[in-house]
There are 2 protein chains.
Amino acid sequence: MQVNGKNYETIWMKDQMVRMIEQNLLPYEFKIFTARNYKETCFAIKSMIVRGAGAIGAAAGFAMAQAAMEADARNYMTYLKIARKDIESTRPTARNLFAATEKVYNAALEGKDAALNAAHEIAEKDKMDSLNIGKLGNGLIKDGYRIETHCNAGWLAFVDHGTALSPIYMARDSGKKIFVYVDETRPRGQGAKLTAWELLNEEIPHAIIPDNAGAHLMSKGLIDMVIVGADRIALNGDVANKIGTLEKAIAAKYYNIPFYVAAPISTFDFNCLTGKEIIIEERVEEEVLYQKGIDANGHMTEILVAAPNAKAINPAFDVTPAGLITGIITEKAIIKATNQEIMGLKD
Amino acid sequence: MQVNGKNYETIWMKDQMVRMIEQNLLPYEFKIFTARNYKETCFAIKSMIVRGAGAIGAAAGFAMAQAAMEADARNYMTYLKIARKDIESTRPTARNLFAATEKVYNAALEGKDAALNAAHEIAEKDKMDSLNIGKLGNGLIKDGYRIETHCNAGWLAFVDHGTALSPIYMARDSGKKIFVYVDETRPRGQGAKLTAWELLNEEIPHAIIPDNAGAHLMSKGLIDMVIVGADRIALNGDVANKIGTLEKAIAAKYYNIPFYVAAPISTFDFNCLTGKEIIIEERVEEEVLYQKGIDANGHMTEILVAAPNAKAINPAFDVTPAGLITGIITEKAIIKATNQEIMGLKD
């Protein structure tokens, strides 16, 4: 997608070098980070220079391919095994990461070229899945639609296009006039910081809104649909996603506004029966009590935005029950959030 | 209520001096501002050293009384008239302010003592109304309750006790164990800043939560009731209050959690038929894009917390339909949010 009028992907590999947008500097600074070997790519994953399910998967695949290229013929297998362990320990809860290392490791057993091809295939599939989600999702968007989105499920979280934002990019490309209401998404502000940055660069009309304002805009008839991403989807259609998603889904139901989840099939956890089984990560209270941003001199600064000595609770995700979800946009089809339709994706 | 273990009211008058907590320094600094004459009290109202419906009403009454004390016998009436105009132009949308100046001005026609008594009566009535709201509201709170509140409808907004928080203080005083979930209340953060500060000083167990987390906590069975304040209540029971109130009310309804509004009868607008007539103030986008707080050196700092050049929308209030409200706690009675019960308050 576009950054300052030039086309970028979040991560790509050329001549053994893995290059990626340095996401922990966004939205204040735009820089490309170059990882010259698999260890530097591991560092990039660990330090969140690259983030988001799809982009992490691609990074892990590229790192594994780098390891295969670096490995000496004499200790090829040992080097590969150590590398795989290193890569898998960077973000041990990222499911895409393990799928990627496994695939490229197995390919590497056949040789360096096979490893490289496998890594490129992973990145390419991520991109195509996002593109297909966009094409299918675009079919739901009418000219003039005002769409609310939560957090960042844009191209920055994948190799390109994104999930929740991909239908929005497609709608614009197909000539529809749209407007996006971007939830700020406290406490980390991924909406205000990343989604707004994406939409600014793509010149799609939008406005950041406080997370408190969604239902108010719905009550005034100003929102035609909601599209969000997903971190994990249970077999019965319950969706775990960024904290606040549930409130939007409840409000959308109350006002009869379509509420869609956009996610690749890799997001479905076929071993998880319902959302009740999903354990919600509690993050540190400092994320709520303090805020980071740039001051008047352009310096990154952290300030206390609560009463001194106050305590906070910071659940990172919530679970939206299937009954509140109008449909799930995958790369294969738009399905209902039901066990039957989800099982149909398995084939 | 308590501040650092000592008892305070938000505003009081003694020997022609009006003293008040300097609220625009909270929660980072606790200071008492002294207004030596009516003009200094006007300055305090205008610059939001004193804020909140009840506290502003008391300040206006005291300012009018100061004017009466200052006035010379020769130009008594002229001085009073000019003062009234000055006071009424400080915050022209605050309804309590006009009621207060009218009452004290009329009393001043009978003499200086009458003016002083009238001003003290206003502050005393505000305090007693808050206290009675607390007593009645306490009847709704069971031992062990976990209560969510939005924004700041605490004692800082009134002369003492507050509205939404008054039942909470009473519940604590009557020996009940309670826990308060304090909505951060973006964009201005009155929950994280003022409500948390009040509860810290009163040593009531609580935690700040991101505005996004309410429905999640409700879904986990962690919230027993919601109590909020009100800016204006229409004849049919629709309630205008801080942005985000509507989302909490919808979520509470979805999870069958009692949702109460606490407000003195002066909050009811008997000329406003329904919430549809209430025009929602749009505030500047900077309140969303920037945040103020103290940095690591203790300096008040403002930082950008959104993508540079991003736009934002900042509606200050929303309207919660009467159907979502379990009851309204007033100083006279707890009523249903219906036309009939609201008309009954008029007598």
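Before any of the text, the structure's been laid out above.
How each quantity is defined
Residues numbered from 1 in each chain as written. Chains lettered and ligands numbered in written order. Predicted model: local features only at pLDDT ≥ 70, side-chain atom pairs only at ≥ 80, totals over all residues. Heavy atoms only, no water. Axes fitted to C-alpha atoms, helices over the stretch in contact; angles between N-to-C directions. Helix = DSSP H or I, 4+ residues; strand = E, 2+ residues; numbered from the N terminus. Left-handed = near helix turned anticlockwise from the far one by under 90°. Contact = heavy atoms within 4.5 Å. Nonpolar A, V, L, I, M, F, W, Y, C, P; charged D, E, K, R; others polar. Core = buried A, V, L, I, M, F, W, Y, C linked by side-chain atoms within 4.5 Å. Buried < 20%, exposed > 50% of the residue type's maximum accessible area, 1.4 Å probe, protein only. Pairing = 2+ DSSP bridges. Least-squares fit on C-alpha atoms with pLDDT ≥ 70 in both.

## Describing the packing of helix H5 (residues 112–138) of chain B against helix H6 (residues 166–173) of chain B
All names here are of chain B.
Piece 1. One way to put it is that H5 packs onto H6 with a least axis distance of 7 Å and a crossing angle of 65°. When you trace H5 past H6, the crossing you get is right-handed. Contacts between H5 and H6 involve Ser130, Leu131, Ile133, Gly134, Lys135, Gly137 and Asn138 from the former and Ser166, Pro167, Met170 and Ala171 from the latter.
Piece 2. Taken together, the residues that form the contact of H5 with H6 break down as five nonpolar, five polar and one charged.

## Things to note about the nonpolar core
Piece 1. Ranked by size, the top nonpolar core spans 66 residues in total, and within it Ile233 and Val261 of chain A together with Ile233 and Val261 of chain B carry the most contacts.
Piece 2. At the level of elements, helix H8 (214–219), strand S9 (225–228), helix H9 (245–254) and strand S12 (259–262) of chain A together with helix H8 (214–219), strand S9 (225–228), helix H9 (245–254) and strand S12 (259–262) of chain B are the ones that each hand at least two residues to this core.
Piece 3. The residues contacting Ile233 of chain A, other than those within four sequence positions of it, are Asp238, Val239, Val261, Ala263, Thr267, Phe268, Asp269, Ile328 and Ile342 of chain A.

## Some remarks on the sheet that holds strand S11 (residues 239–242) of chain A
Residue and element names in this part refer to chain A.
Piece 1. Here we have three strands laid out as an open sheet, ordered S10-S11-S15, and antiparallel in their pairing. In the strand order of this sheet, the two ends are held by strand S10 (232–233) and strand S15 (317–320), each with one partner.
Piece 2. Alignment of S11 against S15, held across four bridges, turns out to be antiparallel. For Asn241, the partnering residue across the bridge sits in S15 and is Asp318.
Piece 3. Contacts from H9 reach S11 and S15 within the one sheet, and its direction differs from that of S15 by about 30°.

## Some words on the relation of the copies chain A and chain B
Piece 1. Turning chain A through 180° and shifting it by 0.0 Å along the axis lays it on chain B, with an RMSD of 0.1 Å. What the rotation and shift describe, once combined, is the action of a two-fold rotation axis.
Piece 2. A shared interface surface links the copies, since 100% of the contact residues of chain A are contact residues in chain B too.

## Here we look at the pairing of strand S8 (residues 206–209) of chain B
Residues and elements named next belong to chain B.
Piece 1. A two-sided burial pattern is seen for S8, the buried positions comprising His206 and Ile208 on one face and Ala207 and Ile209 on the other.
Piece 2. Relative to S8, strand S7 (residues 179–183) runs parallel, the two being bridged by four bridges. Counterpart to Tyr181 in the pairing with S8 is Ala207.

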